[in-house]
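Given next are the chains, with one letter for each unit.
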Number of protein chains: 2
Amino acid sequence: MRMESKKVMQQNESHEITKVALDAMGGDNAPAEIVKGAIDAVTGRRDIKVFLVGQKEIVEKELEQYTYPAEQIEIIHAEEVIETAEPPVNAIRKKKQSSIVLGMNMVKQKEADAFVSAGSSGAILVGGQVIVGRIKGIERPPLAPLIPTEKGVSLLIDCGANVDARPSHLVQFAKMGSIYMENVLGIKKPKVAIVNIGAEEEKGNALVKETFPLLKECTDINFVGSIESREIPHGEADVIVCEAFVGNVILKLYEGLSATLVSAIKTGMMSTIKSKIGAALALPALKSTLKAFDASQYGGAPLLGLNGLVVKTHGSAKAKEITNSIYQCVTFKEQDINGKIKKNIISSTEQEGM
Amino acid sequence: MRMESKKVMQQNESHEITKVALDAMGGDNAPAEIVKGAIDAVTGRRDIKVFLVGQKEIVEKELEQYTYPAEQIEIIHAEEVIETAEPPVNAIRKKKQSSIVLGMNMVKQKEADAFVSAGSSGAILVGGQVIVGRIKGIERPPLAPLIPTEKGVSLLIDCGANVDARPSHLVQFAKMGSIYMENVLGIKKPKVAIVNIGAEEEKGNALVKETFPLLKECTDINFVGSIESREIPHGEADVIVCEAFVGNVILKLYEGLSATLVSAIKTGMMSTIKSKIGAALALPALKSTLKAFDASQYGGAPLLGLNGLVVKTHGSAKAKEITNSIYQCVTFKEQDINGKIKKNIISSTEQEGM
């Protein structure tokens, strides 16, 4: 199989085809929504090849219901599945034939440019570091989802990969996040802020107080200072730097509170006959507003700083998020994000050496 | 002045009057909304006396427009005002004639049962520790606001007083929070959870991993394990324990995101003629739903574990929040929360000694 896909890769490189290994078995809606996402992606763009990594018969059965360009989809059989509840380190070590381990190995072997999975976060984070490996000079690879704001989206970096991080890690997060937002989302000189509990420089915990002056010194990012979590929904910063525990709390509260409020609003609008009529009239306009605050539509979260791209989507990802995540991989490759990260790391190291 | 108010105190004790020193100069809407809040409180209940601490002429002028039982309101002249931007430690040390320092001194001298302020958070936290002082055995006094949930309210403890706290601090937060929710809000056996980035015991940062087993061992609280921030809006826990940096991020994101979503919804409903008509019909029902998620209606955040009560309200507090905060002081006194905290601390110390 590897021989074959290597051949395919060589053919494709001249056409700049992006090859994505997709975990067909991961997430709440696997395999149906995952396979649908892959089909939508390849029917939407010709410059993509998707390797569906999963149990062959199951994936084949899903594929049967679709018509699609056969050369753009290939099944990579994976005997095993890593469950969400499994201890990640053990799972990665022992389940060599799982969709996550096989998919990540394809990235390591350069048979695929990227691996996308809605499966176990823990296994993806561990596998990313252990199998795909870090870019030389990168201390920790952060998980960096996009979160919706009034003005568009912001990158929240790190949101779960490295708890109890050190100041130097956060500085690298700021730089990688800046490169990502500038090149994948096309935001010129993205504003970088650090999550803090007050606007003043002297505020914060030990980590933030130590990191703040280091960020101020960086000449390659547009550091704008502290951001209080209250301001995050206003979109005042493009890259929001924080330690993983705090980032995870922000991400999950963002999603949880939005969902709770939207559901409370729907219930509230159904409470009287008058409001029901009102709801019928107002809901279409309201839906587009609420959709803008639905985190799932922005694709998955890249695990940055690896020798290849690993993207973690929501566990509840549906076809649309999978398709968007695949497209995200194309931009990531086209913009040579990893090349830019490497260049930045080299120049940072040189600066330190001066 | 002190002599006089001491006399008043002695008279009142037999009638169980709660004496509240209220910072007339603190917050965005001082003095107008603060004074109005005091008037509403004393006209609503006879068992309260409010000391309006602030610049005499200004407060007198505000009072002129109201009719109220004169024996329930007294002005305590405070020459100085601590501004929000002032470095707290310096402000408390130098502005001895400020409303915050004078009000806290009244609590220390037992001339007042509680001090309520919408002023500088930093100065209130520092003043609480330095002037009012901690209950013997309490290592750190946490700030503990109520946050709205689908089921009612939860106590978020600590949300800003002690960054980089230690496990033993968090254990005391859990106990004090539990006593508060049981006795002030009347929730039997309040469910206590620790903020974490996963449901499993082995998840978390170093602080949470160390604190978790200590909480499990506590026989005097109903510890239910970890809570992910996503679950907080569902009201799954009554007491939500966390370190101050994380708590502050949660509180401010809660308020910021709710406000942003509500404003986005209103804008969305005004976007078409059809939706405008719908909005007119649905808004009254919707408003009551949204109001339940408005954090400001639940009064202020107590700073627990002090020799007296200090309550910090929102900087933007209006009369209603001030009134509610004053009533909160009455319940705090009636339920003898500090007596219960002291008893708990003594029994905890005895247990450790066994």
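Residues numbered from 1 in each chain as written. Chains lettered and ligands numbered in written order. Predicted model: local features only at pLDDT ≥ 70, side-chain atom pairs only at ≥ 80, totals over all residues. Heavy atoms only, no water.

**Q** Mind showing me how you'd approach a negative patch on the surface here?
**A** A surface patch of like charges, here negative, comprises A:Glu57, A:Glu60, A:Glu64 and A:Glu79. You can call A:Glu64 exposed: its relative accessible area is 66%. (Patch = residues over 30% accessible without salt bridge, like charges linked within 9 Å, V, L, I, M, F, W, Y side chains within 5 Å. Areas by Shrake-Rupley, 256 points an atom, 1.4 Å probe, with all protein chains shown as cover. Salt bridge = Lys/Arg side-chain N within 4 Å of Asp/Glu carboxyl O. Lys, Arg positive; Asp, Glu negative; His and termini not counted. Charge placed at Lys NZ, Arg CZ, Asp CG, Glu CD. Buried < 20%, exposed > 50% of the residue type's maximum accessible area, 1.4 Å probe, protein only.)

**Q** Would you mind going over the side chain of B:Asn162 with me for this structure?
**A** Residues and elements named next belong to chain B. Among the secondary structure elements, asparagine 162 is positioned in the loop between β6 (153-157) and α7 (167-183). Owing to a relative accessible area of 5%, asparagine 162 belongs among the buried residues under this scheme. There is a polar contact of 3.2 Å between the side chain of asparagine 162 and the backbone oxygen of proline 141. Among residues more than four places away in sequence, those in contact with asparagine 162 are Gln129, Arg140, Pro141, Pro142, Phe173, Glu243 and Ala244. (Helix = DSSP H or I, 4+ residues; strand = E, 2+ residues; numbered from the N terminus. Polar contact = N/O pair within 3.5 Å; in protein donor to acceptor, adjacent residues only side chain to side chain. Contact = heavy atoms within 4.5 Å.)

**Q** When you look at the interface of chain B and chain A in this model, what are you seeing that I'm missing?
**A** Accessible area lost on assembly of the parts is the figure often given for the size of an interface. Taken together, the contact pairs 49 residues of chain B with 49 residues of chain A. Here chain B and chain A share four salt bridges between them. Across the pair A:Arg230 and B:Glu255 runs a salt bridge, and its minimum N-O distance is 3.3 Å. Here chain B and chain A share 14 residue pairs in polar contact (both at pLDDT 80 or more) between them. Those elements that provide at least two residues to the side of chain B that touches chain A are α8 (206-217), α9 (244-269) and α10 (273-292) of chain B. Take the side of chain B that touches chain A: its biggest share by element is 19 residues, from α9(B). Of the residues belonging to the side of chain B that touches chain A, the class tally is 26 nonpolar, 16 polar and seven charged. (Nonpolar A, V, L, I, M, F, W, Y, C, P; charged D, E, K, R; others polar.)

**Q** So what exactly am I meant to see when it comes to the relation of the copies chain B and chain A here?
**A** Both copies of the chain are placed relative to one another by a rotation about an axis and a shift along it. At an RMSD of 0.0 Å, chain B and chain A line up after a rotation of 180° and a shift of 0.0 Å along the axis. Here the two chains are linked by the operation of a two-fold rotation axis. Across chain B, the rotation axis passes nearest the C-alpha of B:Gly278, at a separation of 1.8 Å. Looking at chain B, 100% of its interface residues are interface residues in chain A too, so the copies touch through the same face. (Least-squares fit on C-alpha atoms with pLDDT ≥ 70 in both.)

**Q** Looking at this structure, I do not really get the pattern of salt bridges. What am I missing?
**A** Two side chains bearing opposite charge may form a pair once their charged atoms approach each other closely. Evaluation of the coordinates by the stated rule reveals 24 salt bridges over all chains. When the shortest N-O distance is used, the salt bridge between B:Glu228 and A:Lys252 registers 2.3 Å. Of the two residues, B:Glu228 is situated in the loop between β8 (222-227) and β9 (239-241) and A:Lys252 in helix α9 (residues 244-269); the pairing between them involves two chains. Comparing B:Glu228 with A:Lys252 shows no difference in burial state: the two are buried. Across the pair B:Arg46 and B:Glu71 runs a salt bridge whose closest N-O atoms are separated by 3.0 Å.

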